[in-house]
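This is what each chain is made of:
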Amino acid sequence: MKVFRWMEQLEGGGQVPVDPSREKPHQAGDPKRAAATKTEELARWASQLSWPDVPEAVRERFSLVLFNTLAVTVAGSRTEGQRRIRKFWPTPPGGAPVLGTDIRTQPDAAAYLNATALVCCELDEGGKYAKGHPAGHTFPAILALAASLGSSGEDTARALLAGYEVAARFGRATALARGVHPHGNWGVSGAAAGCAVLLGLPAEGVAAAVDTAAGLAVAGHFDSALDGHRVRDAWMGAAAMSGLAAARLAAAGVVGNGGTAALSLGSLLGSFDPAALTDGLGDDWQIAHNYFKRHASCSYTHPAADLALRLRNGPLAGLTAHQVADAVTEMRVETHALAAPLDRTHWDGPLGAMFSIPYAVAAALLDGAVAPATAEATQADRPELFALAGKVTVREDLALTARLPHERPTRLTAVLKSGEHVVLFAPHPVGDSSHHPFTARTLPGVLTGLLGDEALVEYLRRAANHLPKADDVGSLLRDLTHLTTPSTASTGGTA
């Protein structure tokens, strides 16, 4: 491995030494060679990305992703679980804000707390082809570092977009083994890339940061999410902190680009296709393939919840919640392989509910929405919710699995008490870039429903739009704390 040769001046006039003994060449045919080569190409593109040259449509999508990220982070910060985490988390004074609070701290603490708040309600955006959450992995670390450094808006926007694209491309390149959850593994690369860009590292340094991030991947099991274990949120916090660490290690000149992704994301956690890192680079923007969420649940539950809403507003229109529950005898959900394991009709805690298709279907039918607070309900609180979820079965349809990744299809068959069979189908969840996408006109309404404050949502929208023009991103983000800090904590996101 060739150690990154960025000879930074040290205090006292010294330089970072480079150990020639560590520069071992790759063997011909070694999969690490391909991973290192493609990582270098991707890092060079990220380091040379010019914000003014980004297509207008991509910049507009970026602003929506940033707007959604800020709003969902604020919503998550208000949950009881996040309030309790902050109580026990060290927050030494600094310039990076913890969104939704009046805390200003060091970038590592802010990145961790903002990342876990962003994902705790299962409302953060995602990438259809990345098969996970590029912004969730990248934006908290980059924003915290930018606020701490006082970076300009243009530099920050460039770093955020570069980080998003790197993370999403690592997600495309990675096929995780069965049972591996995508939080905290391939996405660390994007946080590292964006932070390295903010630190001003050249292409070789960005590559070293990205490669190092691949060696900091979390090996989390998907069952932890199904079990409702909040360690799943912590994986995203760890990704943010690891991204910062990888960029700093690269800046120090002690790491290089050795094709680590072929080992960690490839042989250990799944398989890795280096070519996907650069296919269409600069033309096929991954952020254009993202989705936004209207349901507080895993995106794999969304098509079924969307169909449940269609059932509620169609054949079951005009019925009370009690009548709806009585009118439905059985509901069969047929879906793809990624969604089929989310079949539990009983769940432990809010996160377990958010990873249950039966829960999402029942909540949508009874309440007309899948809201964060609904997941808090216990069986004693809402026996009708659990009873209706018990009528839902989930199974894989191989024909639907074959349509991945371009579609994430689901079929819902409802058997009504009258004997009628209602069959509904959705090729994607609502909010997907290819299916009823949320836009600058419609996304504010979704986020107003979440935060319950139209003026606040409008302020966040303007802040996201203004960020690329800001002189000091730290000042812009710290100003948000005065408007987003609630007097009391709301429910949702508890451990």
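Residues numbered from 1 in each chain as written. Predicted model: local features only at pLDDT ≥ 70, side-chain atom pairs only at ≥ 80, totals over all residues. Heavy atoms only, no water.

(A) Fine view of helix 6 (residues 153–173). Look at helix 6: 30 Å from first C-alpha to last across 21 residues, which is about the 30 Å you get at 1.5 Å a residue. Burial runs high along helix 6: 18 of the 21 residues are buried. (Helix = DSSP H or I, 4+ residues; strand = E, 2+ residues; numbered from the N terminus. Expected span 1.5 Å × (residues − 1). Buried < 20%, exposed > 50% of the residue type's maximum accessible area, 1.4 Å probe, protein only.)

(B) The arrangement of the pairing of strand 9 (residues 328–335) in detail. By the bridge criterion, 7 bridges tie strand 9 to strand 11 (residues 410–416) in an arrangement that is antiparallel. Across the sheet, E334 pairs through a bridge with R411, a residue of strand 11. (Pairing = 2+ DSSP bridges.)

(C) Representation of the packing of aromatic side chains in the model. Counted by the stated rule, this structure contains 9 aromatic pairs. Each ring, one from F170 and one from F272, has its centre 5.7 Å from the other, and the planes form 35 degrees; the classification is tilted. With a gap of 102 residues between them, F170 in helix 6 and F272 in strand 7 (residues 270–272) connect regions that are remote in the sequence. The two residues F170 and F272 agree in class, both being buried. When the ring of W347 is compared with that of Y359, the centres are 5.3 Å apart and the planes differ by 70 degrees; the resulting orientation is edge-to-face. Within this pair, whereas W347 is found in the loop between strand 9 and helix 14 (349–354), its partner Y359 is found in helix 15 (residues 357–367), the two being separated by 12 residues in sequence. Three or more aromatic residues joined by ring pairs form one cluster here, namely W51, F62, F139 and Y164. (Phe/Tyr/Trp six-rings, centres within 6.5 Å; stacked < 30°, edge-to-face > 60°.)

(D) Up close: helix 5 (residues 134–149). In this model helix 5 runs 23 Å from its N-terminal to its C-terminal C-alpha over 16 residues, within 8% of the 22 Å that 1.5 Å per residue would give. With respect to burial, helix 5 is a largely interior element, 14 of its 16 residues being buried. Looking one or two places after helix 5, you find G150, whose phi comes out positive at around 70 degrees.

(E) Main features of the packing of helix 2 (residues 56–77) against helix 19 (residues 454–466). Running from N to C, helix 2 and helix 19 cross one another at 135 degrees; their axes reach a closest spacing of 8 Å. Classed by the angle they form, the pair helix 2 and helix 19 counts as oblique. Between helix 2 and helix 19 lies a crossing of right-handed hand. Contacts from S63, L66, F67, L70 and A71 in helix 2 reach V457, L460, R461, A464 and N465 in helix 19. Class assignment of the residues belonging to the contact of helix 2 with helix 19 gives a composition of 7 nonpolar, 2 polar and 1 charged. (Axes fitted to C-alpha atoms, helices over the stretch in contact; angles between N-to-C directions. Parallel < 35°, antiparallel > 145°, perpendicular 65-115°, else oblique. Left-handed = near helix turned anticlockwise from the far one by under 90°. Contact = heavy atoms within 4.5 Å. Nonpolar A, V, L, I, M, F, W, Y, C, P; charged D, E, K, R; others polar.)

(F) Main features of the pattern of salt bridges. Inspection of every chain in the model, using the stated rule, returns 24 salt bridges. Note that R232 and D233 form a salt bridge whose closest N and O atoms lie 2.6 Å from each other. Residues R232 and D233 agree in their burial class; the two are buried. Via salt bridges that share partners, E122, R230, R232, D233 and K293 belong to a single interconnected network. (Salt bridge = Lys/Arg side-chain N within 4 Å of Asp/Glu carboxyl O.)

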